Amino acid sequence: PVFRAFSMNYEFLEEETMKTTLRSRDLSCPSCIQKIESALRRLNGVSEAKVYFNSGRIVVEHDQAEVDVEALQRTVRDIGYETQRSAL
């Protein structure tokens, strides 16, 4: 598989809802976008996952009590993309 690096930041929306942004250095095709969005949306606690091809952003809204940031990273890694935390 091809490994791509991501950076990440996040913000809190509501009491348990969190918005996490992963940044991709090199999304290469529409199928990559669909693969990442689908994998993240299948997680319990994820209410939305959206990949923005031009900017390389992956924005995930999730219930932090059900799915934490590490689980998001693990999910992306399990489909062939490496993740890295970035400083806020």
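Here's a quick rundown of the structure. Treat the numbers as computed from the prediction; the structure is a model and nothing was measured.

**Some remarks on the packing of aromatic side chains**
Going through the model one piece at a time under the given rule, you end up with zero aromatic pairs. The residue whose ring lies beneath K50 is Y52, and the NZ or CZ to ring-centre distance is 5.9 Å.

**Digging into helix 2 (residues 69-78)**
Considered for burial, the residues of helix 2 that qualify are V69, A71, L72, Q73, T75 and V76. Of the residues flanking the end of helix 2, it is G80, one or two places downstream, whose phi is positive at about 110°.

**Quick look at the pairing of strand 4 (residues 57-63)**
Put simply, side chains in a regular strand alternate between the two faces of the sheet. With seven bridges joining them, strand 2 (residues 17-24) and strand 4 adopt antiparallel strand pairing. In the sheet register, M18 faces strand 4, and the bridge partner there is H62. Here six bridges tie strand 3 (residues 46-52) to strand 4, and the two strands are oriented antiparallel to one another. Within the sheet, the bridge partner assigned to V51 lies in strand 4 and is I58. The hairpin formed by strand 3 and strand 4 contains four residues between the paired strands, and G56 there has a positive phi angle of roughly 75°.

Reading guide: rules and limits
- Residues numbered from 1 in each chain as written.
- Predicted model: local features only at pLDDT ≥ 70, side-chain atom pairs only at ≥ 80, totals over all residues.
- Heavy atoms only, no water.
- Phe/Tyr/Trp six-rings, centres within 6.5 Å; stacked < 30°, edge-to-face > 60°.
- Lys NZ or Arg CZ within 6 Å of the ring centre and 35° of its normal.
- Buried < 20%, exposed > 50% of the residue type's maximum accessible area, 1.4 Å probe, protein only.
- Helix = DSSP H or I, 4+ residues; strand = E, 2+ residues; numbered from the N terminus.
- Pairing = 2+ DSSP bridges.

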